[in-house]
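Coordinate analysis (summary)
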Amino acid sequence: MSFDRFFIGSCFSDEKIESLEDLISEKNRIISVQERDMESLKREIVELKKQLNYSKQKKK
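Before going into details, it helps to say that this report is about the structure given with it. These numbers were taken from a predicted model, which means no experiment stands behind them.

**Side note on the overall build of the chain**
- When helices and strands are counted, the chain shows two helices and zero strands.
- Looking at the chain as a whole, 5% of its 60 residues qualify as buried.
- Carbon and sulfur atoms form 56% of the exposed surface of the chain, whose accessible area is close to 5800 Å².

Okay, structure coming up:
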């Protein structure tokens, strides 16, 4: 993601802007990994619920 340098003006140096862009990119990468982990956990929960229901029906 690139900041609009027009709005930022001279408040930040190019090095600072690059540093902020790198930080944002890393945070986005972490969020993406966490989202995949959440989806994986949701699938696991659904599978465990199915197994539990199957076990309950089998006992009857």
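**Describing the pattern of salt bridges**
- Inspection of the entire model under this criterion finds two salt bridges.
- Of the charged contacts, one joins Arg29 and Glu26 as a salt bridge, the two residues approaching to 2.8 Å between their closest N and O atoms. You can see Arg29 and its partner Glu26 sitting in helix α2 (residues 14-59), three residues apart, about one turn around the helix.
- Accessibility expressed as a relative area gives 34% for Glu26, which makes it partly exposed.

Rules used throughout
- Residues numbered from 1 in each chain as written.
- Predicted model: local features only at pLDDT ≥ 70, side-chain atom pairs only at ≥ 80, totals over all residues.
- Heavy atoms only, no water.
- Helix = DSSP H or I, 4+ residues; strand = E, 2+ residues; numbered from the N terminus.
- Buried < 20%, exposed > 50% of the residue type's maximum accessible area, 1.4 Å probe, protein only.
- Areas by Shrake-Rupley, 256 points an atom, 1.4 Å probe, with all protein chains shown as cover.
- Salt bridge = Lys/Arg side-chain N within 4 Å of Asp/Glu carboxyl O.

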